[in-house]
Amino acid sequence: MIWAELVKNPRVMKKAQEEIQTCIGIKANERIEEEDLDKLQYLKLVVKETLRLHPPAPLLLPRETMSHIKIQGYDIPPKSLLMVNAWSIGRDPKYWENPEEFNPERFIDSPMDYKGHNFELLPFGSGRRICPGMVSAIATIEFSLLNLLYFFDWKLPDEKKDMDVEEYGDVTIVKKVPLVVVPILRH
Ligand code: HEM
């Protein structure tokens, strides 16, 4: 979904590429190293904003209550199945300004993170069942994104006017209509 959002929001794609240009420049050996990621702030915000709008596991994993509990005035009996809708929380106007807008800048100077402490942003869940693959997943996504933005510009095929960001799935979700974008070599 990152590519769908970046192609739909060329301003964001340009800004992420300008940051790469400024902070990494053109590398003589043409190899991006993992340490290069430390220099990039905006690219990380792009990933965070994508996970807010498009959490790949939108309902996390189900929980079962062990005892009688009360949540926001509702009585929940023991052994009830609870689902947490991270997708909907990530778009709730009570917590997010212009929630449908793809705007990585919303995280500038914000302590909000996806590590399970901020319940407004839960793409990896929270608590003792939080995703154990989070660090590895983030490193892989950021590193792949950096490589693809460093080496290529991306655009819609000529016959396409706009990029849709509709999703589809159940436990995990993917882009509903397969992504078609054209890479243009930069270096
Ligand atoms: C963007 C990538 C990923 C996302 C968004 C994601 C998201 C999640 C979420 C939401 C949960 C449920 C957490 C909860 O209910 O509190 C979960 C569980 C889990 N994830 Fe991930 N995950 C990702 C990548 C990975 C990777 C790369 C691995 C393994 C290398 C992994 C392994 C697991 C495992 C084993 C669990 C079950 C943990 C348990 O039930 O105790 N995930 N993940």
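Residues numbered from 1 in each chain as written. Predicted model: local features only at pLDDT ≥ 70, side-chain atom pairs only at ≥ 80, totals over all residues. Heavy atoms only, no water.

**What about the coordination of the iron atom of the ligand?**
Stage number 1. Among protein atoms, the single one acting as a donor to the iron atom of the ligand is Cys131 (SG), 2.3 Å away.
Stage number 2. In this fold, Cys131 is placed in the loop between helix H4 (86-89) and helix H5 (134-151). (Donors = N, O, S within 2.8 Å, 3.2 Å for Na, K, Ca; no water. Helix = DSSP H or I, 4+ residues; strand = E, 2+ residues; numbered from the N terminus.)

**Some remarks on the pattern of salt bridges**
Stage number 1. Under the definition given, this model contains 15 salt bridges.
Stage number 2. A salt bridge links Arg11 to Glu105; the shortest N-O distance between them is 2.8 Å. Placement of the pair is Arg11 in helix H2 (residues 10-23) and Glu105 in the loop between H4 and H5, with a sequence separation of 94 residues.
Stage number 3. By relative accessible area, which is 47% here, Arg11 ends up partly exposed.
Stage number 4. Residue Glu166 pairs with Lys176 through a salt bridge whose shortest N-O separation is 3.4 Å. (Salt bridge = Lys/Arg side-chain N within 4 Å of Asp/Glu carboxyl O. Buried < 20%, exposed > 50% of the residue type's maximum accessible area, 1.4 Å probe, protein only.)

**A closer look at the site of the ligand**
Stage number 1. Close to the ligand lie 15 residues, the nearest being Leu61, Arg63, Pro123, Arg129 and Cys131.
Stage number 2. At a separation of 2.5 Å, an oxygen atom of the ligand approaches a polar side-chain atom of Arg63.
Stage number 3. Within the backbone of Ser126, an N or O atom sits 3.2 Å from an oxygen atom of the ligand.
Stage number 4. Considering only residue class, the shell around the ligand consists of ten nonpolar, three polar and two charged. (Near = heavy atom within 4 Å. Polar contact = N/O pair within 3.5 Å; in protein donor to acceptor, adjacent residues only side chain to side chain. Nonpolar A, V, L, I, M, F, W, Y, C, P; charged D, E, K, R; others polar.)

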